Structure formats: C-alpha cells, structure tokens
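Structure assessment
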Amino acid sequence: MVHDDPPSDVLQRLETAEQLKLDGKHVEALVILEQLLFEDPENIAALEEVADNELSLHHYERAETAAKQAVALDRDSYTGYYILGFLRSHAEQWPEAVVHLRRSNALKPNNPEILRCLGWALFSDGERAQGVVTLERALNLESDNTLILCDLGIAYLQLRNFAKSKSLFLRALDLDPGNLRARECIQALERLRSMLSEQTVTARRGKA
C-alpha cells in the first residue's frame, strides 16, 4: 500500500516521539502519539510507535491492540507483524509467533531484531536447525548484540554444544561485563555439564 507523506508538523512530532522512546521516556512519547491518533486514527506510523512503546512498558494488551490496528490498515506493516510475533513468543505460542515473524521478515529482510525473534520462535517450535541458522544470520548482521549472543548460546546449550554455547556467553560478557543473563547462562551450562559428567561416570561404574 502506498501512503502519502505525512505533513511536516506530523513528521516532526513523530520524530520527537521516536527520540523520547530511544531515551526511555515511553509515557511522554505516548502522549504525543495518542494526540496524533486523536487527530488521525489511521496514522499507521503513530500506531506502530504506540505498539512499540506499550511493549516496552509491558502493556501487552495495549501493544497488541495497536499492532493489530496497524496491520489491518497496512498489510505491509512489518513493525506491526514483528510486535504481534514478539507477543506470541512471550506467550510461548510458537506456531503463531513464527507466522507473524516470517511475515515481518519477508517485508523487512535482514533486520537483526526480527531475525533474532524469528530464529528463537523457530527453534522453540521444533525447527531447531532452521532456528539456529536464522539466529546465526542475525548475529552475522549485528555481531555485538548481546541479546542475539545469549539466544544463540541458549540454543546451542539445548543442543549440548557446550563449547560453542560458552564462547557466545563469554562474548556477551566481554561486550557487557554486567550482563546478568549471560552470567546465569554460564552457571547453568556448567551445572548441566557437571551433571552429565556425573551421569556418565555413574553409568560406566554400573557397567564395570
């Protein structure tokens, strides 16, 4: 769908809201965006931004409502489909998440965040090989993204590739020494590796 460019004052307000969002001022951003929607309920960019800000505030129902409105008005709203996919992933509704995120990825290829979420949804839905390949693609596009590093590390951990998994978690810690998720993942990895080692020893003793 082709849309006319928004008037300059609308564009300026959208940019202000975007900057507020990037600064973590989601409530302030929403004030601007809701005024834009009051003036024009079919402002797709504003709907997408509302969904994104509500998502950041963990207002999942509000985020879903705005995202659904965006895709209903514009079938090419990759942001709308991404947010719907993210929400389905959060609820562990993996098949639905994959559908939305594949649609988002088709509309906006080579976006690391979309690929990260798609890869994790695929992996969690049982398409493990495709999930890992997709997460690797995301990492190739953004090699210093700690979220991708940790997601891919967890995937390899579940596949029992401990060396690859640990290297990814250590890379995340190298980039962000205070990354609690990466630290907890390394601890989980070491516990699992130790448990499996003990099981192997016990099994060998049983055969002796």
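Scroll up a little and you will see the structure.
Described below are features of the structure shown in this document. Only a predicted model underlies this, so the values are computations on that prediction, with no experimental measurement involved.

**Observations concerning unusual backbone geometry**
The phi dihedral of Asn-110 is positive, around 65°, even though this residue is not glycine. Tracing the chain through its elements places Asn-110 in the loop between α6 (94–107) and α7 (112–124).

**Focus on the packing of α6 against α7**
In contact at an axis separation of 9 Å, α6 and α7 are set at 150° when each is read in the N-to-C sense. The orientation of α6 with respect to α7, classified from their angle, is roughly antiparallel. The crossing of α6 and α7 is left-handed. Every residue of α7 that contacts α6 at Trp-94, Ala-97, Val-98, Leu-101, Arg-102, Ser-104 and Asn-105 is listed here: Ile-114, Leu-115, Cys-117, Leu-118, Trp-120, Ala-121, Leu-122 and Ser-124. Of the residues contributing to the contact of α6 with α7, the split by class is 11 nonpolar, 3 polar and 1 charged.

**Quick word on the pattern of salt bridges**
Scanning the model with the defined rule gives 17 salt bridges in all. Between Asp-174 and Arg-171 there is a salt bridge, and its shortest N-O distance comes to 3.9 Å. One end of the pair, Asp-174, and the other, Arg-171, are both in helix α10 (residues 162–175), 3 residues apart, so they sit about a helical turn from each other. For Arg-171, a relative accessible area of 32% gives the class partly exposed.

**Some details on the packing of helix α2 (residues 26–39) against helix α3 (residues 44–56)**
In the contact formed by α2 and α3, the axes pass within 9 Å of each other and the chain directions differ by 155°. Taken together, the axes of α2 and α3 are roughly antiparallel relative to one another. Pair α2 / α3 crosses with left-handed handedness. Together, His-26, Ala-29, Leu-30, Leu-33, Glu-34, Leu-36 and Leu-37 of α2 and Ala-46, Leu-47, Glu-49, Val-50, Asn-53, Glu-54 and Ser-56 of α3 make up the contact between the two elements. The residue makeup of the contact of α2 with α3, split by class, is 8 nonpolar, 3 polar and 3 charged.

**Quick notes on the nonpolar core**
Of all hydrophobic cores here, the largest spans 34 residues; its most connected members are Leu-33, Leu-36, Ile-83 and Leu-101. Of all the secondary structure elements, the ones that give two or more residues to this core are α1 (8–22), α2, α3, α4 (60–73), α5 (78–90), α6 and α7. Ranked by residue count, the leading element in this core is α2, at 6 residues. Excluding residues within four positions of it along the chain, Leu-36 makes contact with Val-10, Arg-13, Leu-14, Asn-43 and Ala-46. Of all hydrophobic cores here, the second largest spans 24 residues; its members include Ala-138, Ala-155, Tyr-156 and Phe-162.

**A few points about the packing of aromatic side chains**
Within the structure shown, the criterion is met by 2 aromatic pairs. With a centroid separation of 6.2 Å and 55° between ring planes, the pair formed by Tyr-82 and Phe-86 is classed as tilted. Highlighted residues: Tyr-82 and Phe-86, both in helix α5, separated by 4 residues, approximately one helical turn. Aromatic side chains Trp-120 and Phe-123 sit 5.9 Å apart centroid to centroid with 20° between the ring planes, which places their arrangement in the stacked category. With a gap of 3 residues between them, Trp-120 and Phe-123 both fall in helix α7, about one helical turn apart. Residue classification places Phe-123 among the buried residues on the basis of a relative accessible area of 3%.

**Describing the side chain of His-100**
Within the secondary structure, His-100 is located in helix α6. Leave out the neighbours within four places in its chain, and His-100 touches Tyr-81, Leu-84, Gly-85 and Arg-88.

Cut-offs applied
Residues numbered from 1 in each chain as written. Predicted model: local features only at pLDDT ≥ 70, side-chain atom pairs only at ≥ 80, totals over all residues. Heavy atoms only, no water. Helix = DSSP H or I, 4+ residues; strand = E, 2+ residues; numbered from the N terminus. Axes fitted to C-alpha atoms, helices over the stretch in contact; angles between N-to-C directions. Parallel < 35°, antiparallel > 145°, perpendicular 65-115°, else oblique. Left-handed = near helix turned anticlockwise from the far one by under 90°. Contact = heavy atoms within 4.5 Å. Nonpolar A, V, L, I, M, F, W, Y, C, P; charged D, E, K, R; others polar. Salt bridge = Lys/Arg side-chain N within 4 Å of Asp/Glu carboxyl O. Buried < 20%, exposed > 50% of the residue type's maximum accessible area, 1.4 Å probe, protein only. Core = buried A, V, L, I, M, F, W, Y, C linked by side-chain atoms within 4.5 Å. Phe/Tyr/Trp six-rings, centres within 6.5 Å; stacked < 30°, edge-to-face > 60°.

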